[in-house]
Amino acid sequence: MATRRVHDDAPETAEAFHRLAAAPDGPERDLLCQELVEAWLPMAHRLATKFRNRGENLDDLKQVAAMGLVKAIDRYDPERGAFESYAVPTVTGELRRHFRDHTWDVRVPRRVQDLRNKVRAARRDVMDEPGHDGEAGMEEIAARAGLTPDEVRDGMEALESYNSLSLDAEVGTAADGLSLADTLGHTETGYDVIADREAAKEGLRALPERERAILYLRYFEDMTQAGIAEKVGISQMHVSRLITRSCAQVRDHANRAPEDQRQAA
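Residues numbered from 1 in each chain as written. Predicted model: local features only at pLDDT ≥ 70, side-chain atom pairs only at ≥ 80, totals over all residues. Heavy atoms only, no water.

### With respect to helix H2 (residues 27-49)
Put simply, the test is: Strands are runs of DSSP state E lasting at least two residues, helices are runs of H or I lasting at least four, and both sets are numbered from the N terminus onward. Here the expected span of a helix is defined as 1.5 Å times the quantity of residues minus one. What we call the bend at a residue is the angle made by axes fitted to the seven residues finishing there and the seven residues starting there. Accessibility here uses a 1.4 Å probe with only protein chains present; expressed as a share of the type maximum, an area under 20% marks a residue as buried, one over 50% as exposed, and anything in between as partly exposed.
Taking 1.5 Å of rise per residue, the 23 residues of H2 would be expected to cover 33 Å, and the 33 Å separating its terminal C-alpha atoms lies within 8% of that figure. The largest bend along H2 reaches roughly 45 degrees and is located at Trp 40, with the proline Pro 42 sitting one to four residues downstream. Looking at H2, one finds that the buried residues are Arg 29, Leu 32, Cys 33, Leu 36, Trp 40, Met 43, Ala 44, Leu 47 and Ala 48.

Below you can see the structure in the form of structure tokens.
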């Protein structure tokens, strides 16, 4: 008959837990909690070391395990069995939750994280089958995990989201000298020009013909205000006032257009 394994870091604290269960909130209860945390902390640290070498600092993992231990002590009912049997899954769950919530380079929803775990386990099982050669197929993984192909696809994408690549990472061969940053697109300023022109069209149409002609000569023919004044037959001062006023009208019309469209909708 199998016996429960007793670790060196599992102290005998049954009496203290019974006193804690009966103690009301106050200094006595706080002192008992502190004593129990100190007694069981080596166990929590032992569990934390099982998660080392996964990219997280061991001291941080010990802190997470300690938080899980505090929760376990606070929620434990001594009438339901040994504390270690309750504390181990509680502390381990806290550590796993830490990795699930805080160590992803790309944050993905909980549902997708669960799919990732199912897909990873199913793929491993399929590839470990006797006689199986090569990578596991999408349909094989879906059948083993009880998922749809779309769910498997989401899970496979999540497998690549746990760690991100640096923008300096090489793509292609080393001789190419290309990095991931070289494959990213750049902002096309020409699109902004097109958007501005379209926004200004209606405002320009609303101007009197003389004002439209003056703006055309100034901004498309690149004429000076003095040249425009001579060509139109008015003073340079008048040309300056007309340009300022016309530009303001076109700008106001362009700014009002989106608001008018929202109201019409």
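### Description of the pattern of salt bridges
Put simply, the rule reads: For salt bridges, the criterion is a side-chain nitrogen of Lys or Arg within 4 Å of an Asp or Glu carboxyl oxygen.
Using the criterion set out here, one finds 14 salt bridges in the structure. With a closest N to O distance of 3.9 Å, Glu 84 and Arg 46 form a salt bridge. One end of the pair, Glu 84, is in helix H4 (residues 83-102); the other, Arg 46, is in helix H2, with 38 residues separating them in the sequence. Note on Glu 84: relative accessible area 7%, which makes it buried.

### Looking at the side chain of Glu 94
Note the following rule: For the purposes of these results, a polar contact is taken to be a pair of N or O atoms within 3.5 Å, where, inside protein, one atom must be able to donate a hydrogen and its partner to accept one; residues adjacent in sequence count only when each atom of the pair is a side-chain atom. Between two residues, a contact is recorded if the distance between any of their heavy atoms is within 4.5 Å.
Checked against the element boundaries, Glu 94 lands in helix H4. A polar contact is formed between the side chain of Glu 94 and the side chain of Arg 97, at a distance of 2.8 Å. Residue contacts for Glu 94: discarding those within four places in its chain leaves Val 64, Gly 68 and Lys 71.

### Side note on the environment of Asn 117
Relative to the helices and strands, Asn 117 resides in helix H5 (residues 110-128). In sequence terms Asn 117 and Leu 159 are 42 residues apart; their C-alpha atoms lie 8.5 Å from each other.

### Considerations on the packing of aromatic side chains
The geometry of an aromatic ring pair comes down to the distance between the two centres and the angle between the two planes. Heads up, the rule is: Pairing of aromatic rings covers Phe, Tyr and Trp, the last counted by its six-membered ring, and requires centre-to-centre distances within 6.5 Å; plane angles under 30 degrees mean stacked, over 60 mean edge-to-face, and any other angle means tilted. Note on criteria: charge over ring means Lys NZ or Arg CZ within 6 Å of the ring centre, with the direction from the centre no more than 35 degrees off the ring normal.
Enumeration according to the criterion identifies six aromatic pairs in this entry. Here the aromatic rings of Tyr 76 and Tyr 86 are separated by 6.1 Å at their centres, their planes lie at 35 degrees, and the arrangement is tilted. Within this pair, whereas Tyr 76 is found in the loop between helix H3 (58-75) and H4, its partner Tyr 86 is found in helix H4, the two being separated by ten residues in sequence. An aromatic cluster of three or more residues is present, and its members are Phe 17, Trp 40, Tyr 76, Phe 83 and Tyr 86. Above the face of the Tyr 219 ring, Arg 218 is positioned so that its terminal group lies 5.7 Å from the ring centre.

### Brief notes about the packing of helix H6 (residues 138-145) against helix H7 (residues 149-159)
The condition is simple: In this analysis an axis means a line fitted to C-alpha atoms, helices contributing only their contacting stretch, and an angle means the value between N-to-C directions, from 0 to 180 degrees. These descriptions rest on fixed angle ranges, namely under 35 degrees for roughly parallel, over 145 for roughly antiparallel, 65 to 115 for roughly perpendicular, and the rest for oblique. Each residue is assigned to one class: nonpolar for Ala, Val, Leu, Ile, Met, Phe, Trp, Tyr, Cys and Pro, charged for Asp, Glu, Lys and Arg, and polar for all the others, Gly among them.
Put simply, H6 and H7 touch, their axes get as near as 9 Å, and they point 105 degrees apart. Here H6 lies roughly perpendicular to H7, going by the angle between them. When H6 is examined against H7, the residues Met 138, Glu 139, Ile 141 and Ala 142 are found in contact with a partner set consisting of Pro 149, Val 152, Arg 153 and Met 156. A class-by-class count of the residues in the contact of H6 with H7 yields six nonpolar, no polar and two charged.

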